[in-house]
Every structure is written in C-alpha cells, then in structure tokens.
Amino acid sequence: DSLDDLLVSDGPLPEVSAHAAGVSIEAALDADVVFPVLHGPWGEDGSLQGVLETLQVPYVGSGIASSSVTMDKGLMKTFLRAAGLPVGQWRMVASREWDDDPDGVLASLERLGFPVFVKPARAGSSLGISKVDTAVDLRAAIEEARTHDPRVIVEAAVLHAREIECAVLSDAHGQAQASRCAEIVVRAGHDFYDFEAKYLDDSAELIVPAHLPADVEAEVQRMAVQAFEALGCEGLARVDFFLRDSIESDGAGDPTLVVNEVNTMPGFTTISMFPRMWLASGLDYPSLIDALVQDALRRGTGLR
C-alpha cells in the first residue's frame, strides 16, 4: 500500500518500535542514501541520524545536533529566542521537579495564564497534547503528557491567531529557500490541530497557498529561513507560525507573527503539507524527492 492509502484506511496506523530488530545494518550499508521518513523519538530526534553517521551512510535531512535540539520543544524555543525570533511564553517541567514538588510547579504555571497547552517535550504528531482552560485540569494534563515523555512543556495559548506553515528546502548550493505558505483551519469539534484532526478524520482544511498579503507572506518566508538556519537544519523543515490579528497583537503589545514549532521531518505523502506547499511553489513531488536525495549526496556524512 502507498502511504496515502495507509493514512485513509480504517486499520491501525503504521508504527516502528524503538527496539525493533528488523532494521538490517547490511542493507543500510548497501544504500546510496537513506530517507528517514519517520516521526517521533528514535526517528527524527538524532538517534537514527547518529547511527547513519556512524555507518557513513548519507541521509536526507538534518544532522544529529539539529534533529535533537529541534525535537525538544523547550530547547528549540530557547534557540529561536536567542536568534531574535518571536516565540510564545512557555515553561518546562522536568521529571524530578514534578516528582519533588508538583504543587509548586502548578503554582508557578499560573503566570502563563489560561488557556495553556500541555505537551510532551519530545513527542511528535500532537500525541499527548491537552488544551487546559482552568487550573483544576492542569495536573491531569501534565500526567497525561508524562505518559509520553517525562519532560513536559506548558505553553501559553496564542489567542486570535491563524495557523500558518512554510516549507524550507536546501537548494543545490546548500542555501535555504522558502516555499509558498499554507494555512490550517480546524473545523468545529476540535479545539486545536490534534492527532485525530491530523490523521484520523476530515476535521481540518488545508489551504495551499494561504490567503495572505504579499508582505506578510514574505515576512513568514524570511522568518522560516531564519529559524531553519538558527537551528542548524539541513535539507528540509516545516516551520509553523501563529499569525495574530493585527488589532489584537498591537493592543496586547505582542508580535503579530510567532514561531510555534519547527519540524525537521514533516509529513511526506503526496497529500501532506510540505509537498503541497512546494507544489504550489512550482516543484512537483518527484522533483522534490530528487532535490532532497541530491542534497544528501552532496553533504555526505561527518563534520560539515
């Protein structure tokens, strides 16, 4: 079955165990390039990239350090803020801190206000994420996130905002280029773009290209490239933004554009946002894959 067929089927979604023994080192050594189209821990967090570096097998996408930092939402936001990019307010909750003093942690989170989003720090595909509207539900949301990752991030919600995405690709000279932008519109029944909205039902509308003024799209593209470079990404990434209503943002003294997240291995079926944004930019699916494979061969492995 194709990836597209798997996504629209009624059966279980494909999963790769972290301890699966089905990966052949001999097969990897015989490959010209590996395209690690995997989400989550052990796929896009630097672990697999480290194995491929050790085997000296070229691979598509970011290296060990960038993959690891970008996978950890707290580290990612720290790097982005250090680069001068606007990010929302957040607080990390470490495992031992929560075990030692959960009441103190809950009290410290009140400064973020409500609603907040509680997320596993290093999970993908919106797994384990809860939107919390009142303090009474915060403890349960943190415990739910901890079933996926002992490190948890709590983020202040960015209100009155549109969800805008931009794809970044390394060109033949290794320079980052940005695509046309896209917008995610979540229909009634979902508070946010959660796992079910992404993969299991038809509750999100994906608008490609997004309906944006030219100057706003140009600024999103500029910031997407800046984020890509600040995190040391290579090959490809999808950069997700919140675009506040200008009246609301001006009144609150907050930036109109906020970088929400950077994904170093975004969805890659023909119906996924990353290929669709590049198709809207004039690069079709086969050409996109070829460009990424050629980029991986050009970079090779090792320090660069």
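Calculation rules
Residues numbered from 1 in each chain as written. Predicted model: local features only at pLDDT ≥ 70, side-chain atom pairs only at ≥ 80, totals over all residues. Heavy atoms only, no water. Helix = DSSP H or I, 4+ residues; strand = E, 2+ residues; numbered from the N terminus. Contact = heavy atoms within 4.5 Å. Pairing = 2+ DSSP bridges. Axes fitted to C-alpha atoms, helices over the stretch in contact; angles between N-to-C directions. Core = buried A, V, L, I, M, F, W, Y, C linked by side-chain atoms within 4.5 Å. Buried < 20%, exposed > 50% of the residue type's maximum accessible area, 1.4 Å probe, protein only. Phe/Tyr/Trp six-rings, centres within 6.5 Å; stacked < 30°, edge-to-face > 60°. 1 Å grid on protein atoms, 1.4 Å probe; cavity = no way out; pocket = protein on both sides within 12 Å on 5 of 7 lines; lining within 4 Å. Points joined across faces, edges and corners; volume = space filled by probe spheres on them. Nonpolar A, V, L, I, M, F, W, Y, C, P; charged D, E, K, R; others polar.

Enquirer: Describe the side chain of Ser130, with residues and values.
Expert: Within the secondary structure, Ser130 is located in strand E3 (residues 130–132). Ignoring anything within four residues of it in the chain, the contact list for Ser130 reads Val116, Phe117, Val118, Ala141 and Glu144.

Enquirer: So what about the pairing of strand E6 (residues 176–186)? Which residues, and what values?
Expert: Where strand E5 (residues 161–170) lies against E6, 7 bridges are found, and the strand directions are antiparallel. Residue Val168 lies in a different strand from E6, and its bridge partner there is Ala178. Where E5 hands over to E6, the hairpin turn is made up of 5 residues, of which Gly174 adopts a positive phi near 80 degrees. As defined by bridge partners, E6 adjoins strand E7 (residues 204–207) across 4 bridges and the pair is classed as antiparallel.

Enquirer: Residue-level account of the sheet that holds E3, with values.
Expert: Sheet architecture is open: 4 strands sit in the order E1-E4-E2-E3, paired in antiparallel fashion. Of all strands in the sheet, those with a lone pairing partner are strand E1 (90–93) and E3, marking the two edges. Averaged over neighbouring strand pairs, the angle between their axes works out to 20 degrees when direction is ignored. Alignment of strand E2 (residues 116–120) against E3, held across 3 bridges, turns out to be antiparallel. Residue pairing in the sheet places Phe117 in a bridge with Lys131 of E3. Strands E1, E2 and strand E4 (152–156) of the sheet are contacted by helix H5 (residues 73–82), whose axis makes an angle of about 140 degrees with E1. Running over the sheet, helix H8 (residues 138–146) touches E2, E3 and E4 and is turned about 25 degrees from E2.

Enquirer: Please provide a residue-by-residue account of the nonpolar core, values included.
Expert: Counting 31 residues, the largest nonpolar core has Leu80, Ile164, Val239, Phe241, Val259 and Val262 as its most contacted members. When residues in this core are grouped by element, the largest group, 6 residues, is from helix H10 (residues 214–230). In this structure, Ala167, Leu169, Leu236 and Leu288 belong to the second largest nonpolar core, which totals 17 residues.

Enquirer: Break down the environment of Lys131 for me, citing the residues and quoting the values.
Expert: Tracing the sequence through the fold places Lys131 in strand E3. Each C-alpha atom, one on Lys131 and one on Ala157, is 8.6 Å from the other, the two residues being 26 residues apart in sequence.

Enquirer: Give me the packing of aromatic side chains: which residues, what numbers.
Expert: All told, the structure shown has 3 aromatic pairs when counted by the stated rule. Ring geometry for Phe268 and Tyr285: centres 5.9 Å apart, planes at 45 degrees, overall tilted. Here Tyr285 lies in helix H13 (residues 285–299) and Phe268 lies in the loop between strand E9 (257–263) and helix H12 (273–280), a separation of 17 residues in the sequence. Feature note: the residues Phe35, Phe268, Phe274 and Tyr285 constitute an aromatic cluster, connected by ring pairs.

Enquirer: Account for empty space enclosed by the protein, naming residues and giving values.
Expert: This structure, assessed with the given rule, holds 1 cavity of 30 Å³ or more. Here the largest cavity defines a volume of roughly 40 Å³. Surrounding the largest cavity, Pro36, Glu44, Gln49, Val60, Gly61, Ser62, Ser67, Thr264 and Met265 form its lining. Residue classes in the lining of the largest cavity are distributed as 3 nonpolar, 5 polar and 1 charged.

Enquirer: Describe in detail the environment of Leu52, supporting the description with residues and values.
Expert: Its location among the elements puts Leu52 in helix H3 (residues 47–55). Between the C-alpha atoms of Leu52 and Gly63, which are 11 residues apart in sequence, the distance is 9.7 Å. Non-local contacts of Leu52, meaning those with residues more than four positions away in its chain, are made with Val34, Val57, Tyr59 and Thr301.

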